[in-house]
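# Coordinates in review
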Amino acid sequence: MQNSVVNYPAIAGAFMHKLKLSSFTLLSAVTLPLAAQQALPKLQLAEQITLSGLSSGAYMAGQYHLAFAEQVSGVAMLAGGPVYCAQNSLGLALEHCFNKASSSPDMSAINQYLTAQRTAGKLAPVTALKDDKVWIFHGSKDTTVYPGLAGVLNQQYQQWVDAGNIALITDKAFSHTFPTDNTALGSCDVSETPFLASCNYDAAGELLKHLLGSVKTKTATSSGQLMPFNQHQLAAAAKDTLAETGYLYIPQSCASGESCRLHVSFHGCKQNAASVGQAYVSGSGLNNYADSNNIVVLYPQTTASSINPFNPNACWDWWGYTGADYATKEGMQLKAIHQLVQALTD
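So, how was this worked out
Residues numbered from 1 in each chain as written. Predicted model: local features only at pLDDT ≥ 70, side-chain atom pairs only at ≥ 80, totals over all residues. Heavy atoms only, no water. Pairing = 2+ DSSP bridges. Helix = DSSP H or I, 4+ residues; strand = E, 2+ residues; numbered from the N terminus. Core = buried A, V, L, I, M, F, W, Y, C linked by side-chain atoms within 4.5 Å. Buried < 20%, exposed > 50% of the residue type's maximum accessible area, 1.4 Å probe, protein only. Contact = heavy atoms within 4.5 Å. Phe/Tyr/Trp six-rings, centres within 6.5 Å; stacked < 30°, edge-to-face > 60°.

## Quick look at the sheet that holds strand 5 (residues 178-180)
Read from one edge of the open sheet, 3 strands run 5-7-6, paired in parallel fashion. The outermost strands of the open sheet, each flanked by one partner alone, are strand 5 and strand 6 (186-187). Two elements, strand 6 and strand 7 (residues 196-198), share 2 bridges in a ladder whose sense is parallel. The residue bridging G186 from the neighbouring strand is A197, located in strand 7.

## Details of the nonpolar core
Among the nonpolar cores identified, the biggest contains 73 residues, and Y157 and I337 are the most heavily contacted of them. For this core, the element with the most residues is helix 2 (residues 56-67), which contributes 7 residues. Each residue touching Y157, except ones within four places of it in the same chain, is listed here: G62, H65, L66, V75, M77, V83, L129, V134 and I166. With 33 residues, the next largest nonpolar core counts L54, A167, F174 and Y299 among its residues.

## Remarks on the packing of aromatic side chains
In this structure the tally under the stated criterion is 14 aromatic pairs. Where W135 meets F137, the ring centres are 5.6 Å apart and the plane angle is 10°; that geometry is what we call stacked. A single burial state applies to W135 and to F137, both of which are buried. What links up through ring pairs into an aromatic cluster is the set Y59, W318, W319 and Y321.

Take it as geometry only, folks, not as evidence of what the structure does.
Now the structure itself:
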């Protein structure tokens, strides 16, 4: 399989340098033990799911939405850009989809590609997206991913989704982080591990309200079970590009057999469990809403690698490090997540 990073060593070096300077990189990583083999409980999950993601997770959420829109009713993207922004090129990713104010993705070429993939059956038909809910958020003081890319993403989605179903929030003076109303977290003015911040803004609640229409008030503390599970056992496609351990948050109501929804939350670069422990999978506020609204939350996990593929910061693939089909149903990571979702909802 061709790897675009191996073919562009100079660009890859520049990428490493930029990431070391960015808030994606941590000074140290937390290494967790592999998950004990646990049998997941039988869950009564609706076929329609919702998605969210931060940064590389936002790009991944958009890619999954376009690939498998028939099973997705809504997607929330924080601090990301248009789907297929990088066009299978690390060079274009750095130039137009990362932190430059001059970012100007070639939307004509991007949308032509996406149309061709739909025609080939590698993406969901555009009719499957029309009634979906879309929530786009970008902090105005983000210096890691250029805030102007949110507007480009909004314009892209307006081609496919009814404008009234799209929420665009760009008026918050936040850095590159997942904003919460948890006062125990660090300042919203900086982007630092674990990339969750105290912003007096409840992003988890706001995105769920938009995607689901309404939600009940979140619980003060989470009372469900955060269960580690073996992603490689549940999804054959996960073995080559995902971590062995993923996480599933299961409210007590869902574990006892009540009908529940599934929400998939994609972490950002250097926000995987091997880097920040359970900070993201337990700290965004999603689990508190899950308890009061019968939502199971899937937290799939990537893994870092230094060569073949080149992904030292455990990012989701939004520029092509797993292969040219990364943004389609044939993409290794999209296949893996789809298999995880199917295993849970079947």
